[in-house]
Amino acid sequence: VQEGLAGDAQFLFYLASMGLQKPLTAAILYNDGSAPDKFADELTKAKLYRALTAATPNLIFHGIKELADGSNQGYTGFLVTRYTKDDKAYGYSNLYFPFTDPTMFPAQFFGSPYLGVPDSTEDIIAQHATAAHKAGFPLAIHQNGDNAIAYTLRGLEKAPAPNGVRDMMVHFSLASAADLNTAKSMDAGVTFLITNLYYYGLPLCQQV
């Protein structure tokens, strides 16, 4: 399964090699823009790709993926609590987190405190999910930070998936027990980035 950012060139390569494929390949098209009109373009492309793959059982065009935020280890996951450079409660007090330095990352551009970079909003997620569901596609949303997870879940709750369509929570790195229960109640698929789970930018090796 191509869970990552499957662009046009990659998907066209899948199409060209259909006759050579032994295992099943399921592809998820990546939406690289948050604006509703951009999503409409991606949806048109998704319908075309679905038609192109209809004749083969070895290649399925599954749905559309988009980003809710970035990566916690890259300091771009969208958090409820700020990234920090000094938190003895979690065992690290001498690590330097550049986003806490206002001379490098001015508050007027990056916010104060710096909480990461959201790539979408609750309402945009709801709009995109509604459009995708209407066309028979699930929406796969990449979210790592707890704040991005929260607004993604709220957005999907506004646009429930119909029978036969299952949205996907991709990475879900800082999900709480309540988040897991919400995803379960919506019958959303969930993937975890197990080897790269970070607590607010802290590498796993340093947690251990």
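Below or above, wherever it landed, is the structure these notes cover.

## Comments concerning unusual backbone geometry
Link 1 in the chain: With an omega of 0 degrees, the peptide bond between Ser112 and Pro113 qualifies as cis.
Link 2 in the chain: By the secondary structure assignment, Pro113 is in the loop between helix 3 (107-110) and helix 4 (122-134).
Link 3 in the chain: Although it is not a glycine, Asp187 sits at a positive phi angle of roughly 55 degrees.
Link 4 in the chain: Note on placement: Asp187 falls in the loop between helix 6 (177-185) and strand 6 (189-190).

## A closer look at the side chain of His171
Link 1 in the chain: Positionally, His171 belongs in strand 5 (residues 168-171).
Link 2 in the chain: The class for His171 is buried, based on a relative accessible area of 10%.
Link 3 in the chain: There is a polar contact of 3.4 Å between the side chain of His171 and the side chain of His142.

## Re the packing of aromatic side chains
Link 1 in the chain: For the coordinates displayed, the defined rule picks out 3 aromatic pairs.
Link 2 in the chain: The interplanar angle of 75 degrees and the centroid separation of 6.0 Å between the aromatic rings of Tyr49 and Phe61 together place this pair among those described as edge-to-face. Taken together, the residues Tyr49 in helix 2 (residues 36-52) and Phe61 in strand 3 (residues 59-67) connect sequence positions 12 residues apart. Neither residue differs from the other here; Tyr49 and Phe61 are each classed as buried.
Link 3 in the chain: Ring centres 5.6 Å apart and planes at 80 degrees place the aromatic pair Phe61 and Phe137 in the edge-to-face group. With Phe61 in strand 3 and Phe137 in the loop between helix 4 and strand 4 (139-143), this pair connects stretches of sequence that are 76 residues apart.
Link 4 in the chain: In textbook terms, an aromatic cluster arises when at least three aromatic residues are bridged by ring pairs, as seen for Tyr49, Phe61 and Phe137.

Analysis parameters
Residues numbered from 1 in each chain as written. Predicted model: local features only at pLDDT ≥ 70, side-chain atom pairs only at ≥ 80, totals over all residues. Heavy atoms only, no water. Helix = DSSP H or I, 4+ residues; strand = E, 2+ residues; numbered from the N terminus. Buried < 20%, exposed > 50% of the residue type's maximum accessible area, 1.4 Å probe, protein only. Polar contact = N/O pair within 3.5 Å; in protein donor to acceptor, adjacent residues only side chain to side chain. Phe/Tyr/Trp six-rings, centres within 6.5 Å; stacked < 30°, edge-to-face > 60°.

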